[in-house]
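# Observations on the model geometry
Given next are the chains, with one letter for each unit.
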Amino acid sequence: MKIAFLLAGLLSLTVASHAELMRINLKKADITPADQMLAYSETGAYMAQKYFGSVHRKMKADEANQIIGLDASGKPTYGVPLSNYMNAQYYGEVNVGTPPQTFSVVFDTGSSNFWVPSTHCNSIACFLHRRFDSEKSTTFHPNGTQFAIQYGSGSLEGIISNDNVEVGGAVIKGQDFGESVKEPGLAFAFGKFDGIFGLGYDTISVLGVVPPFYNLVNQKLIDEAVFGFYLAQADGSTGGQMTLGGVDSNHFTGDLQWHNVRRKGYWEIDMSKIQLGDEEVQLNAGAVIDTGSSLIVLGTAMAEMINREIGAKKNYAGQYIIECEKVASLPEFSFFFGSTKYTLQGTDYVLNAGGSCISGFMGMDFPESLGDLWIVGDVFLRKYYSVYDLGKNRVGFAPSK
């Protein structure tokens, strides 16, 4: 009998015949308005850190190409609960080692490495989170290779280790992962997550470490090389759901619309144009679908234009603020991925942080070598269920329900 580990709260989920359904309750954090504003104010620095290594450093073309991945030439369906952190961070739990040590991680399609804090870490951020203790695991195997991931406020540094990793009921044997021994900046200190569980392509994995999802496939722990995301609204009763090895049709309506990956690094697809109200702008851009990002990030000039059109103004922290009473009357905004139109209402692309309404469009200066690039985060993904097909190199969307 196959075991299906799926997260559906109190909802029943139809799965393969003879499958036994396991339900796991989702968590949701209680966050103050002040914490909401802090998280959104940190988003710009975090995104620049995450994608480009430094907020101000100019990248060479070959650096950018390497980051974007241009150098790359009967099983159960598992699910993982996602907790909703102020519409800015969705996270769930994984276990590392034997006996299991539990960590909250961001399931991030915008990166490819899995790391958690180490007991060897003395940074403030580490002391505020759970830390992995290799001495307490009987299945731990040392590696010791040092790694560093550059961020604007410094570098996250650590060592590569090897142990069993359990995610949604599936146990990956001998997974290489990072133990961080130094964590810079406020993004990690104030985050509700302990670490990051990267779901991007192996072409952007630091040191070429095999990402966990690849090992789920390689060890034949799932039927299909597919995972899906449902992200709930902040005012809902759940945080969301991630499925591994299949999709949960209870969380979307209609058929999935598929779009081919254009560059195998991030989950990047073609975007042909955008529309705000009746105005259209033709583009030849890439859209990186990023579950680990809260906003829609685009070039600075375009972001300023869109925010000006919706009446948003910058505050002292550089956030675009709009009067909350105007949100319901804002024009629709649409992405065109290929020829398929995906529409957001003002209530979708404006975030309410305890009475302060923040535009979901954030500007950032991208390296010219990357071309016209947009990072499409949770502002979009709460409206549309998303599926990531590693076997066929495509991304699918359908309206969430």
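Residues numbered from 1 in each chain as written. Predicted model: local features only at pLDDT ≥ 70, side-chain atom pairs only at ≥ 80, totals over all residues. Heavy atoms only, no water.

Heads up, the condition is: UniProt positions are given in the numbering used here, feature names are shortened, and annotations may be inferred rather than shown by experiment.
In the nomenclature of an unreviewed UniProt entry, the protein corresponds to Vacuolar protease A from the organism Linnemannia gamsii. Per its UniProt entry, the protein bears the Sequence similarities (unreviewed entry) comment "Belongs to the peptidase A1 family."

### As for the pattern of salt bridges
Side-chain pairs of opposite charge can arise whenever the charged atoms involved come near each other. The criterion, for reference: By convention in these notes, a salt bridge is any Lys or Arg side-chain nitrogen within 4 Å of a carboxyl oxygen on Asp or Glu. The helix count covers DSSP runs of H or I at least four residues long, the strand count covers runs of E at least two residues long, and both are numbered beginning at the N terminus. The classification of residues rests on relative accessible area computed with a 1.4 Å probe and restricted to protein chains. Under 20% of the type maximum is buried, over 50% is exposed, and intermediate values are partly exposed.
Within the structure shown, the criterion is met by nine salt bridges. Close ionic contact of Asp194 with Arg130 constitutes a salt bridge, the shortest N to O distance being 3.1 Å. Remark: Arg130 occurs in the loop between helix H3 (124-127) and strand S8 (141-151) and Asp194 occurs in the loop between helix H4 (185-189) and strand S11 (195-198); sequence separation between them is 64 residues. Looking at Arg130, the relative accessible area reads 35%, which means it is partly exposed. Measuring nitrogen to oxygen at the nearest pair gives 4.0 Å for the salt bridge that ties Lys182 to Glu157. Pair noted here: Lys182 is in strand S10 (residues 170-182) and Glu157 is in strand S9 (residues 154-167), with a separation of 25 residues, a long-range link. Residue classification places Lys182 among the partly exposed residues on the basis of a relative accessible area of 38%.

### Considerations on the UniProt feature "active site" (unreviewed entry) in the protein
The UniProt record marks Asp108 and Asp290 with the feature "active site" (unreviewed entry), using the residue numbering of this structure. Across 183 residues, the annotated set stays spatially compact, with a maximum C-alpha separation of 6.7 Å. Its location among the elements puts Asp108 in strand S6 (residues 101-108). Summarising the element assignment, Asp290 is placed in the loop between strand S16 (279-289) and strand S17 (296-299). On the accessibility criterion, Asp290 (0% relative accessible area) is buried.

### Some points on the state of the cysteines
Put simply, the test is: Note on terminology: pairs of cysteine sulfur atoms within 2.5 Å are recorded as disulfides.
A complete count under the given rule lists two disulfides for this structure. Between Cys121 and Cys126 runs a disulfide, and the two sulfur atoms are separated by 2.0 Å. Taking the sign of the S-S torsion, about 75 degrees here, the bridge from Cys121 to Cys126 comes out right-handed. Taking relative accessible area as the criterion, Cys121 reaches 0% and is therefore assigned buried. Under the relative-accessibility criterion, Cys126 is labelled buried at 0%. Here Cys324 engages in a disulfide with Cys357; their sulfurs sit 2.1 Å apart. With the S-S dihedral at roughly 115 degrees, the linkage between Cys324 and Cys357 falls on the right-handed side. Taken together, the positions of Cys324 in the loop between strand S19 (320-322) and strand S20 (333-337) and Cys357 in strand S23 (residues 356-359) put the pair 33 residues apart, joining distant regions of the chain. Residue Cys324 is classed as partly exposed on the basis of its relative accessible area, which comes to 26%.

### Brief notes about unusual backbone geometry
A cis geometry characterises the amide bond from Thr98 onward to Pro99, with omega recorded as -5 degrees. Inspection of the secondary structure puts Pro99 in the loop between strand S5 (89-96) and S6. The backbone of Lys220 sits at a positive phi, close to 55 degrees, despite the residue not being glycine. Take Lys220: it is sitting in the loop between helix H5 (212-218) and strand S12 (226-231). Of note in this structure, Asn393 is not a glycine but carries a positive phi near 50 degrees. The residue Asn393 is located in the loop between strand S26 (384-389) and strand S27 (394-399) in this model.

### Describing empty space enclosed by the protein
To be explicit about the condition: Lining residues are those with an atom within 4 Å of a point, where the points come from a 1 Å grid over the protein atoms alone and group into cavities, where a 1.4 Å probe fits but cannot get out, or pockets, open sets with protein on both sides within 12 Å along at least five of seven lines. Grid points are joined across faces, edges and corners, and a volume is the space filled by probe spheres set on the points.
Approximately 90 Å³ is the volume attributed to the largest cavity. Taken together, 16 residues make up the lining of the largest cavity; nearest its centre are Asn113, Phe114, Ile160, Phe177 and Gly178. Among the secondary structure elements, those contributing two or more residues to the lining of the largest cavity are strand S7 (114-117), S8 and S10.

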